[in-house]
Amino acid sequence: MILDGRIWVLDDDDINTDVIYPGKYTYEPFGPEEMAKHALEDFDPDFASKVEEGDIIVAGRNFGCGSSREQAVTSLKFAGIRAIVAESFARIYYRNAINQALVVIDCADASRFARKNKEKVHGSRARIDTENGRLEILGEEFSFVPLSGKALEIFDAGGLVEYTKRRLASS
Amino acid sequence: MGKTLIEKILAAASGEKEVRAGEIVFARPHMILSHDNSAAISKIFFDMGAKKVWNPSRVFIALDHAVPPPDWKKAQNHKIIRNFVEEQGIENFYEAGTGICHQVLPEYGHVIPGVVILGSDSHTTTHGAFGAAGIPIGRTETASVWALGETWLKVPETIKIVLNGRLQENVYPKDVILHVIGRLTADGASYKAVEFHGDVVRSMGISGRMTICNMAAEMGAKAGMVPFDDVAREWFDSLGITQYDIVLPDEDAAYEKVYEFDCSQITPQVAKPHKVDNVVPVSELGEVEIDEALLGTCTNGRVEDLRIAAEILEGKKVAKGVRLLVYPASRKVLEEALSLGIVEKIVKAGGEVAVPACGPCLGAYGGVLAPGERAVSSANRNFKGRMGCSEDTGIYLASPATVAASALAGRIVVP
Ligand code: SF4
């Protein structure tokens, strides 16, 4: 899959799931579109109104740490985010993203480059080749390890819901 | 080369002879835990085309996150869960008021050593206190486990943390784990399993072990575990549980890293806003006034925690303008605290004792902060807005003793 999207540089480490999707909404029976309106609310209150379909997030270390809430993935996905590049991800967030078929890319070099050149990178475009593990920002090329094995199977099925459906249907 | 605890546990849970860090296995849980999020999980479950959970005796649900429900939507959420439990014949369901999932699961005998407990809650790591592997997973994964009875897991590398020395008198397991997190940082154990070893751990009771394993999640750990020993054995004996296999790490296990701490040097610690690894000794904090003191939660809401706080509060009064909220971790804890006179001391000092549940820990109800307010809390997270208000001036995490002493002083002080 080739993705081409506008970059949001979220210049911080440890961006946790409470600021991505506030705890006060987690037990509200919101649908995904409603969730999207609160995406990153406690990090950047303007994010939800300015984000566009196809946008790409570049953040620092340990993105998505904290609570295991999946709305922190769902809200970004339905807000239009197509991929998240980070120096590293919190384990549950990474799994949740794969299970919802949202592209997450561990790429320390790209993250550091984007944060260092934040003024120029923010709002510019990134090009991602998920199969071959290539990523381009402002003409700089970066590589990452593409998904494989079970994780890729789940991603390719369109997420864990579809994957489980198929397994139940075939059993 | 020997095996770590998680390698042995995951081998057993996946029916393999042996597994190594880095391998992906399909693990079958001894129990799968969820709470108020079970309504949302059940929706995904049905969206997956599933009809019946794979095994109703392996599903554990406790209502704890919004208890009693503060509005009709949350009440309805509970109702959906009760209906689901009824229709599916779920055997391990605990009504609102029984307590917080991580306290109730072991109290009612749903954990044994050497097994995998999967949980749709990030603090499922708590169950490592019993020599098991408590592994947090997401909601969709939980729905998939309900349907299939297994999930994919990567066998993690293990970090060994050796806690040596003797704790000073006003220092508690919470101070130790805050200190460790301060050193290792919020992602210091990301994707890894953690084993806790050393004199301090061996002499720690189950309650303290639950505190340190609970907070292993705040270093990003996949599981935080204390290897089974006599302390654990006594605890299981007291519940009449004797049927289990003892699984221990090998002496020559391959650890990714080993950290040693001399805990004799540790003084009471506090994690400053808004990150859990922003840890300093309370003595170096300076003047920090508080509006709310939260005692309880799955991190520090057990009898031992309430007792320590009650001893500090006894015969004194909470400072003017400070509210001391107390959420016992379970009804059993509350009953014992009542019979030991602990609750009386807390209430007479001005503490507001609530129903056993999560309370304002997740910021949804039951004592949230107002803009500009500050709290000292015995919980496990101090993220911005965690206690319900993104314009608060900060949550400070500390031991129950520090919380109690600070409630009396009106500012954060050394207990
Ligand atoms: S007490 Fe707090 S940390 Fe523990 S399960 Fe409840 S909300 Fe989560």
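Residues numbered from 1 in each chain as written. Chains lettered and ligands numbered in written order. Predicted model: local features only at pLDDT ≥ 70, side-chain atom pairs only at ≥ 80, totals over all residues. Heavy atoms only, no water.

**Some points on the side chain of Thr297(B)**
Its location among the elements puts Thr297(B) in helix α10 (residues 297-300). Apart from residues no more than four positions distant in its own chain, Thr297(B) is found in contact with Ile100(B), Tyr327(B), Ala329(B), Cys358(B), Cys361(B), Ser378(B) and Ala379(B). (Helix = DSSP H or I, 4+ residues; strand = E, 2+ residues; numbered from the N terminus. Contact = heavy atoms within 4.5 Å.)

**Comments concerning the sheet that holds strand β8 (residues 158-164) of chain B**
Residue and element names in this part refer to chain B. Spatially, the 4 strands line up as an open sheet ordered β10-β9-β8-β11, and their pairing is parallel. Edge positions in the open sheet fall to β10 (223-225) and β11 (257-262), since each of these has one partner strand only. Neighbour-to-neighbour, the strand axes of this sheet turn through a mean angle of 20°, independent of strand direction. As defined by bridge partners, strand β9 (residues 193-197) adjoins β10 across 3 bridges and the pair is classed as parallel. Bridge assignment links Val-194 to a residue of β10, and that residue is Gly-224. (Pairing = 2+ DSSP bridges. Axes fitted to C-alpha atoms, helices over the stretch in contact; angles between N-to-C directions.)

**Quick word on the sheet that holds strand β3 (residues 83-86) of chain A**
Residues and elements named next belong to chain A. Overall, mixed pairing links the 7 strands, which are arranged β4-β3-β2-β1-β5-β6-β7 in an open sheet. Looking at strand neighbours, the two that pair on one side only are β4 (103-106) and β7 (140-143), the edges of this open sheet. Along the sheet, successive strands turn relative to each other by an average axial angle of 25°, direction set aside.

**Description of empty space enclosed by the protein**
One pass over the structure, following the stated rule, counts 4 cavities of 30 Å³ or more. If you trace the second largest cavity, you find 22 residues lining it, with Cys65(A), Gly66(A), Ala90(A), Ala217(B) and Gly220(B) closest to the centre. The element best represented in the lining of the second largest cavity is helix α5 (residues 91-99) of chain A, accounting for 3 residues. Taken together, the residues that form the lining of the second largest cavity break down as 10 nonpolar, 6 polar and 6 charged. Taken domain by domain, the lining of the second largest cavity gets at least three of its residues from each of domain 1 (5-261) and domain 2 (269-409) of chain B. (1 Å grid on protein atoms, 1.4 Å probe; cavity = no way out; pocket = protein on both sides within 12 Å on 5 of 7 lines; lining within 4 Å. Points joined across faces, edges and corners; volume = space filled by probe spheres on them. Nonpolar A, V, L, I, M, F, W, Y, C, P; charged D, E, K, R; others polar. Domains from an automatic or database assignment.)

**So, the site of the ligand**
Residues in contact with the ligand, as listed here, are His65(B), Ile100(B), His102(B), Asp121(B), His123(B), Thr297(B), Cys298(B), Cys358(B), Cys361(B), Leu362(B), Asn380(B) and Arg386(B). Looking at which domains feed residues into the shell around the ligand, each of domain 1 (5-261) and domain 2 (269-409) of chain B gives three or more. (Near = heavy atom within 4 Å.)

**Describing the interface of chain B and chain A**
Taken together, the contacts link 46 residues of chain B with 41 residues of chain A. Interface of chain B and chain A: buried area, both sides summed, is about 3,700 Å²; carbon and sulfur atoms make up 54% of it. Contact with chain A buries area across many residues of chain B, yet Arg139(B), Trp152(B) and Tyr191(B) alone supply 18% of it, more than any other trio. Put simply, chain B and chain A have 6 salt bridges between them. The closest approach of N and O atoms between Glu150(B) and Arg167(A), which form a salt bridge, is 2.9 Å. The tally of links between chain B and chain A comes to 15 residue pairs in polar contact (both at pLDDT 80 or more). The set of elements that each furnish at least two residues to the side of chain B that touches chain A consists of β1 (24-27), α2 (38-47), α3 (72-88), β6 (133-136), α5 (139-148) and β7 (151-154) of chain B. (Buried area = accessible area lost by both parts, 1.4 Å probe. Salt bridge = Lys/Arg side-chain N within 4 Å of Asp/Glu carboxyl O. Polar contact = N/O pair within 3.5 Å; in protein donor to acceptor, adjacent residues only side chain to side chain.)

**What to know about α5(B)**
Residues separated by three or four positions in an α-helix point in the same direction, a consequence of the helix having 3.6 residues per turn. Residues and elements named next belong to chain B. Summarising burial for α5: 10 of the 10 residues are buried, a large majority. Taken together, the buried positions of α5 are Arg-139, Thr-140, Glu-141, Thr-142, Ala-143, Ser-144, Val-145, Trp-146, Ala-147 and Leu-148. One or two steps after α5, the chain reaches Gly-149, where phi turns positive at roughly 80°. (Buried < 20%, exposed > 50% of the residue type's maximum accessible area, 1.4 Å probe, protein only.)

**Comments concerning the packing of aromatic side chains**
Taken as a whole and assessed by the stated rule, the structure comprises 21 aromatic pairs over all chains. Where Tyr25(A) meets Phe30(A), the ring centres are 5.9 Å apart and the plane angle is 40°; that geometry is what we call tilted. Since its relative accessible area comes to 15%, Tyr25(A) is described here as buried. Measuring from centroid to centroid gives 5.8 Å for Phe46(B) and Phe84(B), while their planes differ by 75°, and the two rings are edge-to-face. Highlighted residues: Phe46(B) in helix α2 and Phe84(B) in helix α3, separated in sequence by 38 residues. Judged by relative accessible area, Phe46(B) falls into the partly exposed class, the value being 37%. Members of the aromatic cluster, joined through ring pairs, are Phe63(A), Phe89(A), Tyr93(A), Tyr94(A) and Tyr191(B). (Phe/Tyr/Trp six-rings, centres within 6.5 Å; stacked < 30°, edge-to-face > 60°.)

**Describing the packing of helix α6 (residues 173-184) of chain B against helix α8 (residues 206-216) of chain B**
All names here are of chain B. Direction vectors running N to C along α6 and α8 enclose 25°, while the axes themselves pass 9 Å from each other. In terms of orientation, α6 lies roughly parallel with respect to α8. Of the two possible hands of crossing, α6 and α8 adopt the one that is right-handed. Judged by residue contacts, Pro-173, Lys-174, Ile-177, Leu-178 and Ile-181 of α6 engage Gly-208, Thr-211, Ile-212 and Met-215 from α8. Its residues assigned to classes, the contact of α6 with α8 shows 6 nonpolar, 2 polar and 1 charged. (Parallel < 35°, antiparallel > 145°, perpendicular 65-115°, else oblique. Left-handed = near helix turned anticlockwise from the far one by under 90°.)

Any functional reading would require information beyond the geometric quantities listed.
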